[in-house]
Amino acid sequence: MPRPGRVTRSLPAQEPAGWSRFYAVVRRIPRGQVATYGQVAALAGRPGNARQAGYALHALGEHTTVPWHRVVNAQGRLSLARRGPEAGFEQRFRLEREGVVFDARGRVPLKRFRWKGSRARKR
DNA sequence: ATGCTGACTATGT
DNA sequence: TACATAGCCAGCA
């Protein structure tokens, strides 16, 4: 039991509270399927916070178990590509390895691979 | 507290 | 289809 009055908030704190909600949702995305940032935010109980979803994923780092590559933007494109062609390339590689197919313009056909997730968690 | 930034989205041209 | 704008909101300096 932490002493009252003393805020032991000085932990690594590399993951701001609340972001774990996004991670929890991303972890539920089935292999071979994708979800949009807006979708993740909504399922995390934070509708309209698509940007935060992306921000949270950006903070993950390279050594993570969260399937960040299964999250794409509303257009089916890899927003990660903005950060650099390499990052986008890796995401595409991972998705293709899971069976996700890209169209001629390098986008994921959401009609086909979009995960139909639902909250179904705690009421 | 204030202002800037961004792995976003919806809408208009 | 592609680019520009506006709305959005949490994190950070």
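So, here's what we can say about the structure. Each residue is numbered by its place in its chain's sequence as written, counting from 1. Chain letters and ligand numbers both follow the written order, the letters beginning at A and the numbers at 1. In view of the model being predicted, local features appear only for residues whose pLDDT reaches at least 70, and side-chain atom pairs are presented and counted only at 80 or more, with totals across whole chains, interfaces and linings using the full set of residues. Processing note: side-chain calculations cover all non-hydrogen atoms of the structure and skip hydrogens and water entirely.

**Some details on the overall build of chain A**
Turning to step 1, where the next piece is worked out: Numbering of helices and strands runs from the N terminus; a helix is a DSSP stretch of H or I covering at least four residues, while a strand is a stretch of E covering at least two. Looking only at helices and strands, one finds five helices and two strands in chain A.
Turning to step 2, where the next piece is worked out: Taken from the N to the C terminus, the helices and strands of chain A come in the order α-β-α-α-β-α-α.
Turning to step 3, where the next piece is worked out: Exposure categories follow from relative accessible area, calculated using a 1.4 Å probe and restricted to protein chains: below 20% of the type maximum is buried, above 50% is exposed, and the middle band is partly exposed. When the 123 residues of chain A are sorted by exposure, 33% land in the buried category.
Turning to step 4, where the next piece is worked out: The contact criterion used throughout is that any non-hydrogen atoms of two residues lie within 4.5 Å. Pairs at least 24 apart in sequence give 63% of the contacts found in chain A among residues at least 6 apart.
Turning to step 5, where the next piece is worked out: Within the structure as shown, chain A displays about 8800 Å² of accessible surface, and the carbon and sulfur contribution to it stands at 50%. Using the Shrake-Rupley algorithm and a 1.4 Å probe, accessible areas are obtained, with residue cover drawn only from the displayed protein chains.

**Focus on the protein's contact with DNA strand C**
Turning to step 1, where the next piece is worked out: One heavy atom suffices: a residue is near a molecule or strand as soon as one of its heavy atoms comes within 4 Å of it. Taken together, Pro16, Ala17, Trp19, Asn49, Arg51, Gln52, Tyr55, Arg105 and Arg107 are the residues near DNA strand C.
Turning to step 2, where the next piece is worked out: Counting only atoms of DNA strand C within 4 Å of the protein, the sugar-phosphate share comes to 59%.
Turning to step 3, where the next piece is worked out: Definition of a polar contact: a pair of N or O atoms within 3.5 Å, with one able to donate and the other able to accept a hydrogen when the atoms are protein atoms, and with sequence-neighbouring residues admitted only if both atoms are side-chain atoms. Side-chain polar atom of Trp19 to a phosphate oxygen of DNA strand C: 3.5 Å apart, as the coordinates give it.
Turning to step 4, where the next piece is worked out: Arg51 is positioned with one of its side-chain polar atoms (N or O) 3.2 Å from a base oxygen of DNA strand C.
Turning to step 5, where the next piece is worked out: For the surface near DNA strand C, the leading source of residues is helix 3 (residues 50-58), giving three residues.
Turning to step 6, where the next piece is worked out: Each residue belonging to the surface near DNA strand C can be placed in one class, and the counts come to four nonpolar, two polar and three charged. Amino acid classes used here: Ala, Val, Leu, Ile, Met, Phe, Trp, Tyr, Cys and Pro are nonpolar; Asp, Glu, Lys and Arg are charged; the rest, including Gly, are polar.

**Observations concerning the protein's contact with DNA strand B**
Turning to step 1, where the next piece is worked out: Around DNA strand B sit 15 residues in total, of which Tyr37, Arg51, His58, Ala74 and Ser79 are the nearest.
Turning to step 2, where the next piece is worked out: Protein-adjacent atoms of DNA strand B, using a 4 Å cutoff, are sugar or phosphate at a proportion of 41%.
Turning to step 3, where the next piece is worked out: His58 is positioned with one of its backbone polar atoms (N or O) 3.3 Å from a base nitrogen of DNA strand B.
Turning to step 4, where the next piece is worked out: Between DNA strand B and Ala74, the relevant distance is 2.8 Å, taken from a phosphate oxygen to a main-chain nitrogen or oxygen of the residue.
Turning to step 5, where the next piece is worked out: Those elements giving two or more residues to the surface near DNA strand B turn out to be helix 2 (37-43) and helix 3.

**Thoughts on the environment of His63**
Turning to step 1, where the next piece is worked out: Inspection of the secondary structure puts His63 in the loop between helix 3 and strand 2 (71-72).
Turning to step 2, where the next piece is worked out: Each C-alpha atom, one on His63 and one on Gly32, is 20 Å from the other, the two residues being 31 residues apart in sequence.

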